[in-house]
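Commentary on secondary and tertiary structure
One letter stands for each residue in the lines below.
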Amino acid sequence: ALGARGDSFYEYLLKEWLWQDRTDDFVRQVYDAFLSTLEESLVTRSRGPLGNWTAILEVTYPHPSVIPKMDHLVCFLPGVLALDFLSSEAYPESYERTGASSKMG
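All values derive from a computational prediction rather than experimental measurement. Throughout, residues of each chain are indexed from 1 in the direction in which the sequence is written. Totals for whole chains, interfaces and linings use every residue, but because this is a predicted model, local features are given only for residues with pLDDT of at least 70 and side-chain atom pairs only at 80 or more, for both listing and counting. As a rule here, side-chain values cover all heavy atoms of the structure and leave hydrogens and water aside.

**Focus: the overall build of the protein**
Heads up, the condition is: Working definition: helices are DSSP H or I runs of at least four residues, strands are E runs of at least two. Numbering for both runs from the N terminus. Each residue gets one of three labels from its accessible area relative to the maximum for its type: buried under 20%, exposed over 50%, partly exposed in between, using a 1.4 Å probe on protein chains only. Contact between two residues is taken to exist if any of their heavy atoms lie within 4.5 Å; hydrogens are not considered. Using a 1.4 Å probe, the Shrake-Rupley method yields the accessible areas, and only the shown protein chains count as cover for residues.
Looking only at helices and strands, the protein features five helices and four strands. Listed N to C, the secondary structure of the protein is α-α-β-β-β-β-α-α-α in terms of helices and strands. Here the protein holds 105 residues, and 36% of them are scored as buried. Here the contacts in the protein between residues at least 6 apart in sequence split such that 47% fall between residues at least 24 apart. Of the roughly 6,900 Å² of accessible surface on the protein, 57% is carried by carbon and sulfur atoms.

See the structure below:
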């Protein structure tokens, strides 16, 4: 989940990897898995009279159901994706691998 339930966890995975001088492969693998799951499960797109929108869906627990709205606490995500993109030594390769470059924009 993102928003009030898990935003800091995903943000700090990336920050920990950077702080460890990009040497903690496990942390990076968990972060990459998050990116893949994010795209597969929580990203939605819509078209309307005001333009095209991309949003991160909300999922409730313990009985998973999707709520068609984006929690306001997910506002951290664009900054985390930008930090990842700008700080990765091989960022084009990284984003091609996860598909984030073309799908998240």
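Next, the rest of the story.
**Observations regarding the nonpolar core**
How we decide: The set of buried Ala, Val, Leu, Ile, Met, Phe, Trp, Tyr and Cys residues whose side-chain atoms join them within 4.5 Å is what this entry labels a nonpolar core.
One finds Tyr-31, Phe-34, Leu-38, Ile-56 and Leu-77 to be the most contacted residues of the largest nonpolar core, which totals 18 residues. Taken together, the elements giving at least two residues each to this core come down to helix H1 (7–19), helix H2 (25–42) and helix H3 (76–87). In terms of residues, this core owes the most to one element, H2, which gives six residues.

**A look at the pattern of salt bridges**
Here is the rule: A pairing counts as a salt bridge when a side-chain nitrogen of Lys or Arg comes within 4 Å of a carboxyl oxygen of Asp or Glu.
With the rule as written, the count across this model stands at four salt bridges. With its nearest N and O atoms 2.9 Å apart, the salt bridge here joins Asp-84 to Arg-28. Linking Asp-84 in helix H3 with Arg-28 in helix H2, this pair joins segments that are 56 residues apart in sequence. In this structure, Arg-45 and Glu-39 form a salt bridge, with 3.9 Å as the shortest nitrogen-oxygen distance. A single salt-bridge network, built from bridges that share partners, covers Arg-28, Asp-32 and Asp-84.

**Overview of H2**
This is how the line gets drawn: By this rule the span expected of a helix is its residue count minus one, scaled by 1.5 Å. By the criterion applied in these results, polar contacts are pairs of N or O atoms within 3.5 Å in which, for protein atoms, one can donate a hydrogen and the other can accept it, and in which residues neighboring in sequence qualify only through two side-chain atoms.
Taking 1.5 Å of rise per residue, the 18 residues of H2 would be expected to cover 26 Å, and the 25 Å separating its terminal C-alpha atoms lies within 8% of that figure. Its side-chain oxygen 3.3 Å from the backbone nitrogen of Phe-26, Asp-24 forms the N-cap of H2.

**Section: H3**
The cut-off we apply is this: Picture the helix axis, draw a direction to every C-beta atom, and the arc is the one those directions span.
Under the 1.5 Å per step criterion, the end-to-end length of H3 is 17 Å for twelve residues, consistent within 8% with the ideal 16 Å. Along H3, the residues that are buried comprise Phe-76, Leu-77, Val-80, Leu-81, Asp-84 and Ser-87. Considered in projection along H3, the buried side chains sweep an arc of 150° and stay on one side of the axis. In H3, those exposed residues whose orientation departs by more than 90 degrees from the buried face are Pro-78 and Leu-86.

**Points about the pairing of strand E1 (residues 43–48)**
Counted only if it meets this: The criterion for strand pairing is that DSSP finds at least two bridges linking the strands in question.
Sheet topology places E1 next to strand E2 (residues 51–56); six bridges connect them, and they run antiparallel. Considered in E2, the bridge of Gly-48 is made with Gly-51. The antiparallel hairpin formed by E1 and E2 contains two residues in its connecting segment.

**Looking at the packing of aromatic side chains**
Condition: A pair of aromatic rings is counted whenever rings of Phe, Tyr or Trp (Trp by its six-membered ring) have centres within 6.5 Å, and the orientation is called stacked for planes under 30 degrees apart, edge-to-face for over 60 and tilted otherwise. Think of it as a cone above the ring: NZ of Lys or CZ of Arg counts as a charge over the ring if it is within 6 Å of the ring centre and within 35 degrees of the ring normal.
As enumerated under the stated definition, the model contains three aromatic pairs in all. Taken together, a centroid distance of 4.1 Å and an interplanar angle of 15° make the contact between Tyr-10 and Phe-34 stacked. With Tyr-10 in helix H1 and Phe-34 in helix H2, this pair connects stretches of sequence that are 24 residues apart. Grouping aromatic residues by their ring pairs yields a cluster made of Phe-9, Tyr-10, Tyr-31 and Phe-34. Above the face of the Tyr-12 ring, Lys-15 is positioned so that its terminal group lies 4.9 Å from the ring centre. Above the face of the Trp-17 ring, Arg-28 is positioned so that its terminal group lies 4.5 Å from the ring centre.

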